[in-house]
Amino acid sequence: RTFHWAEVPVTVGREDLDRLHVPLRPGATVSGSLLFDGRPTGGRVQQARIVVERANAGIPGSDPAIFASIDDVGQFTATGLAAGFYFVRVTDSPVGWMFTGAIYNGRDLSEYPVEVRDDLAGISIEFTNRWTGVRGIVTTPSGQIDSGALVLLFPTDPGRWRTYTPSARRMRSARVGDNGEFSIGSVPVGDYYLTAVPDEDAADWQDPAMLDALARAATRLTINDGDQKTVTLRRKDSRR
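Let me sum up the structure you'll find in this document. The structure presented is a predicted model; accordingly, all values stated were derived computationally and were not measured.

## Structural notes on a nonpolar patch on the surface
Taken together, the side chains of V8, V10, V12, L17, L20 and V22 present a nonpolar region at the surface, about 500 Å² in accessible area. Tracing the backbone through its elements, the reader meets V8 in the loop between β1 (4-5) and β2 (25-26).

## Section: the side chain of D108
Mapped onto the secondary structure, D108 falls in strand β10 (residues 107-108). Judged by its relative accessible area of 14%, D108 falls in the buried class. Within the structure, D108 has its side chain in polar contact with the backbone nitrogen of A102 (distance 3.0 Å). Setting aside residues no more than four positions away along its own chain, D108 makes contact with T100, G101, A102, I103 and R169.

## So, the packing of aromatic side chains
This model, assessed by the stated rule, comprises five aromatic pairs. On the numbers, 5.0 Å between centres and 75° between planes, the contact of F36 with W97 is edge-to-face. Here F36 is found in strand β3 (residues 28-36), whereas its partner W97 is found in the loop between β8 (84-92) and β9 (98-104), with 61 residues between them in sequence. Judged by relative accessible area, which is 4%, F36 ranks as buried. Given a relative accessible area of 21%, W97 falls into the partly exposed group. Ring geometry for F154 against W161: centres 5.8 Å apart, planes inclined by 75°, an arrangement best described as edge-to-face. By relative accessible area, F154 is classed as buried at 0%. Connected via pairs of aromatic rings, a cluster forms that spans F36, W97, F99 and F127. Sitting over the face of the ring of F67, R49 holds its NZ or CZ atom 3.9 Å from the ring centroid. Sitting over the face of the ring of F87, R89 holds its NZ or CZ atom 3.9 Å from the ring centroid.

## Notes on the side chain of S124
When you line up the elements, S124 lands in strand β12 (residues 120-128). Among residues more than four places away in sequence, those in contact with S124 are S33, L35, G101, A102 and I103.

## Re the sheet that holds strand β13 (residues 133-139)
Within the open sheet, the three strands sit side by side as β16-β13-β19. Their pairing is mixed. Both outer strands of the open sheet, β16 (181-185) and β19 (228-234), are each paired with one neighbouring strand and no more. Averaged over all pairs of adjacent strands, the angle between their axes in this sheet comes to 20°, without regard to strand direction. As defined by bridge partners, β13 adjoins β16 across five bridges and the pair is classed as antiparallel.

## A few points about the sheet that holds β3
Taken in spatial order, the six strands make up an open sheet running β6-β7-β3-β12-β9-β10, and their pairing is mixed. Unpaired on one side and paired on the other, β6 (69-70) and β10 mark the two borders of the sheet. Bridge count for β9 against β12 is five bridges, and the pairing is antiparallel. Looking at the pairing, G101 lines up with E126 of β12.

The rules behind each value
- For every chain, the first residue of its written sequence is number 1, and the numbers climb from 1 along that sequence.
- This being a predicted model, a pLDDT of at least 70 is required before a residue's local features are given, and a value of 80 or more before pairs of side-chain atoms are given or counted; all residues contribute to the totals for chains, interfaces and linings.
- Note that water and hydrogens are dropped before the side-chain values are worked out from all heavy atoms of the structure.
- Exposure above 30% relative accessible area and the lack of any salt bridge qualify a residue for a patch; like charges then connect within 9 Å, and the nonpolar side chains Val, Leu, Ile, Met, Phe, Trp and Tyr within 5 Å.
- Computed by Shrake-Rupley with a 1.4 Å probe, the accessible areas treat only the displayed protein chains as cover when residues are assessed.
- Here, a salt bridge means any Lys or Arg side-chain nitrogen found within 4 Å of an Asp or Glu carboxyl oxygen.
- Secondary structure counts use DSSP, requiring at least four H or I residues in a row for a helix and at least two E residues in a row for a strand, with both numbered from the N terminus.
- For the exposure calls, accessible area comes from a 1.4 Å probe over protein chains only, and a residue counts as buried if that area is under 20% of its type's maximum, exposed if over 50%, partly exposed in between.
- Whenever a nitrogen or oxygen atom comes within 3.5 Å of another N or O atom, the pair is scored as a polar contact, on the condition that within protein one atom can donate a hydrogen and the other can accept it, and that pairs from neighbouring residues in sequence are kept only if both atoms are in side chains.
- We call two residues contacting when some pair of their heavy atoms lies within 4.5 Å.
- Ring pairs are drawn from Phe, Tyr and Trp, using the six-membered ring of Trp, whenever the two centres fall within 6.5 Å, and their geometry is named by plane angle: stacked under 30 degrees, edge-to-face over 60, tilted for the rest.
- The rule is short: NZ of Lys or CZ of Arg within 6 Å of the ring centre and within 35 degrees of the ring normal puts a charge over the ring.
- When DSSP finds two or more bridges between two strands, those strands count as paired.
- Axis lines are fitted through C-alpha atoms, for helices just across the contact stretch, and the angle between N-to-C directions can take any value from 0 to 180 degrees.

Take a look at the structure:
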């Protein structure tokens, strides 16, 4: 079944509206190609999982994410999009590669949403084999190994705190293992806050007001191309 959508501005006055004409339009298509360190490649490109999701994903009533299909030469297509603003992201990369961006006219659509009303072609889904990430150990305030914390990573730029979606690349969380260790991979280059909080206090950690409070006592770090950072965190109480 073909997806269609409609959008018609309506002004309601004192009188009933009769015979309102609402023309349907077919859903838009978003497409492009996969590039690995700047080059197209064959092989297991279908291992990539490309998602096109509304910029308001996670808000009740928002549209579900659409996963793209990928052919054996690395061309991807996502169909059936209604008008709106969308991110283009990768939730799973081919083995040995890290997703770095979805580039369209110099704009990274994994970071900044694009308005889609008609078909949008020419997006480059880019990967690198120069991995970035952060790992380490979490301790309790008294210095003991903490296996009940949640590690939070978020950008130092507060302007990015309001663009959270389930597949956001710069706002991440990781549960600590029984040995107190954590790991967050595929972190985009940039400046971040890193902190650890009690797991039971982290349900609303994406809220900008909570992030503002967490930032005051968080560890600050910079991730450069190819960086693998190792840190030791002391758990903080997110409610103070």
